[in-house]
Amino acid sequence: MFMNSTMPRDTARAELEAHYDLAPSLALAKETQAIYDVVKSVIPEPDWAMYAPYIAAINRLKREKDAVILAHNYMTPEIFHGIGDVKGDSLQLAIAATQVEQQTIVQCGVHFMAETSKILNPQKTVLIPDGRAGCSLAASITPADIQKMRDQYPGAKVVSYVNTTAEVKAASDICCTSSNAVEIVNGQPGDTVIMTPDGYLAQNVAAESHKRVVYWEGACIVHEQFTPEELRAFRENEPGVTIIAHPECPPAVIAEADFSGSTAAMINWVKTNKPEKVVMVTECSMSDNVAAELPETNFIRPCNICPHMKRITLENVLWALHSGTEEVTVDEALMEPARAAVEAMIKINQED
Ligand code: 13P
Ligand code: SF4
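Here the structure is a predicted model, which means the values were calculated and not measured.

A. Main features of the layout of surface pockets. For the largest pocket, the calculated volume is near 240 Å³. What lines the largest pocket is a set of 15 residues, among which Val182, Asn204, Glu208, Pro247 and Ser260 lie closest to the centre. Elements with a contribution of two residues or more to the lining of the largest pocket: α10 (181-186) and α11 (199-206). Examining the composition of the lining of the largest pocket, we find that 3 residues originate from one element, α11, more than from any other.

Okay, structure coming up:
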């Protein structure tokens, strides 16, 4: 485990140890048995004795500090099942951010997700346990790049994936997530739509859309690694396996899959269809989180890790709640235009 970027690790660690008993504890493991029962197929007991003191302290602090934890599907199981209050894909977390009552939101996810929560809740405190938790997609594009694309395709609307910075959202007409991208693109006026920043998502959307989709060539470092050969090998080595893939994967990978959808859509698909054997072609913690709930399904687990998501740990979540850092702020001038782009997306979803 490691700390966030606001304080040297040793100083923060000493401060936490002065306030909380964080030694592995069988007694606390017992106290948190109800949570462990959910994750016992994916977390060994000795590890739970290590996690339990953090989980107990975090869940207590949440109540004391009027805080809620929004946890993305790529969080590790001890975070996802142990301390997450609202769990889901990017769209579900963005919508939840408009509905939570607590004064503080702790975003267990990456920085653009925390920014989205802040954009939707300017009056609330939004904390990210490690502000260095970035995203290769969000880092791939700037507002100047958006302007270049607007100049190249005059009049075309700009649909930006939520995996973007606040300043890129502010320069866009509307946001989308992987679960509503086709609907959002199809709903734009004109024949041509600009999609940023994920080139693969854009190509996968184009395959299902009647629009001409032009796109920025950013990529997710996790999903771009999957290959169609790898998926064919799963079919060969695991007869009867069902393959479901995230639309951030290259189109040739999606073509080999039985189903494609956002992380939440992938989870729903598995829960509804209950395949005997499945590969979830996405970040590897998600399979652990779903496997914990579906012991009868055999999950084949290729493991591509998102190093950004993995910056979030129980230790730095506890630190965030204890210290009130790292607070996520968004430039005042960006707030309104960025919110307009995110809210336009949420409105379309709520009309469905
Ligand atoms: P969704 O959860 O919206 O499918 O997004 C996946 C992702 O990579 C988030 O960073
Ligand atoms: Fe970004 Fe990919 Fe990591 Fe999601 S999994 S945060 S898209 S790098």
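B. Seen up close, the sheet that holds strand β6 (residues 174-176). Strand order in the open sheet formed by 4 strands is β6-β5-β7-β8, with parallel pairing between adjacent strands. With one partner strand each, in any of the chains shown, β6 and β8 (212-215) form the two edges of the open sheet. Each adjacent strand pair in this sheet contributes to an overall mean axis angle of 35°, direction not counted. The strands that α11 touches are β5 (157-161), β7 (192-196) and β8; relative to β8, the one it contacts most, it runs at about 175°.

C. Focus on the pattern of salt bridges. All chains considered together, the criterion is met by 16 salt bridges. For the salt bridge of Asp145 with Lys148, the shortest nitrogen-to-oxygen distance reads 3.4 Å. Taken together, the residues Asp145 and Lys148, both in helix α8 (residues 143-152) and 3 residues apart, mark about one turn of the helix. In this structure Asp145 comes out as buried when scored by relative accessible area, which is 12%.

D. Looking closely at the sheet that holds strand β4 (residues 125-127). What the 4 strands build is an open sheet, ordered β2-β1-β3-β4; its pairing is parallel. At either margin of the open sheet sits one strand with a lone partner, and together these are β2 (86-88) and β4. Strand-to-strand twist in this sheet, taken as the mean axis angle between neighbours without regard to direction, amounts to 20°. As judged from the 5 bridges shared by strand β1 (residues 67-72) and strand β3 (residues 104-108), these two strands associate in the parallel manner. Its bridge partner being in β3, Ala71 is matched across the sheet by Cys108. Strand contacts of helix α6 (residues 90-97): β1, β2 and β3, with the helix running at about 150° to β2, the strand carrying the most contacts.

E. Highlighting empty space enclosed by the protein. Per the stated rule, a full pass over the model turns up 2 cavities of 30 Å³ or more. Empty space within the largest cavity amounts to approximately 240 Å³. Lining the largest cavity we find 27 residues, and of these Tyr74, Phe112, Asn163, Glu248 and Met309 sit closest to its centre. Those elements that place two or more of their residues in the lining of the largest cavity are α6 and α7 (111-120). Residue classes in the lining of the largest cavity are distributed as 12 nonpolar, 12 polar and 3 charged. Considering only enclosed or pocket space, the second largest cavity measures out at about 50 Å³ in volume. Ser90, Leu93, Ala94, Gln107, Phe112, Met113, Thr116, Ser117 and Val162 together form the lining of the second largest cavity. Those elements that place two or more of their residues in the lining of the second largest cavity are α6 and α7. Residues of the lining of the second largest cavity, tallied by class, amount to 5 nonpolar, 4 polar and no charged.

F. View of the packing of aromatic side chains. Going through the model one piece at a time under the given rule, you end up with 3 aromatic pairs. Ring centres of Tyr36 and Trp48 lie 5.1 Å apart, and the angle between their planes is 35°; on these two criteria the pair is classed as tilted. Residue Tyr36 is found in helix α3 (residues 33-39), and its partner Trp48 is found in helix α4 (residues 45-64); the two are separated by 12 residues along the sequence. The two residues Tyr36 and Trp48 agree in class, both being buried. Measuring from ring centre to ring centre gives 6.5 Å for Trp48 and Tyr51, while their planes differ by 85°; the resulting arrangement is edge-to-face. Here Tyr51 and Trp48 lie together in helix α4, a separation of 3 residues that amounts to about one turn. In terms of burial, Trp48 and Tyr51 fall into one category: buried. Members of the aromatic cluster, connected to one another through ring pairs, are Tyr36, Trp48 and Tyr51. Looking at Lys87, its charged tip hangs above the ring of Phe80, at a distance of 5.3 Å from the centre.

The rules behind each value
- Residues numbered from 1 in each chain as written.
- Chains lettered and ligands numbered in written order.
- Predicted model: local features only at pLDDT ≥ 70, side-chain atom pairs only at ≥ 80, totals over all residues.
- Heavy atoms only, no water.
- 1 Å grid on protein atoms, 1.4 Å probe; cavity = no way out; pocket = protein on both sides within 12 Å on 5 of 7 lines; lining within 4 Å.
- Points joined across faces, edges and corners; volume = space filled by probe spheres on them.
- Helix = DSSP H or I, 4+ residues; strand = E, 2+ residues; numbered from the N terminus.
- Pairing = 2+ DSSP bridges.
- Axes fitted to C-alpha atoms, helices over the stretch in contact; angles between N-to-C directions.
- Contact = heavy atoms within 4.5 Å.
- Salt bridge = Lys/Arg side-chain N within 4 Å of Asp/Glu carboxyl O.
- Buried < 20%, exposed > 50% of the residue type's maximum accessible area, 1.4 Å probe, protein only.
- Nonpolar A, V, L, I, M, F, W, Y, C, P; charged D, E, K, R; others polar.
- Phe/Tyr/Trp six-rings, centres within 6.5 Å; stacked < 30°, edge-to-face > 60°.
- Lys NZ or Arg CZ within 6 Å of the ring centre and 35° of its normal.

Keep in mind these numbers describe shape, not what the thing actually does.
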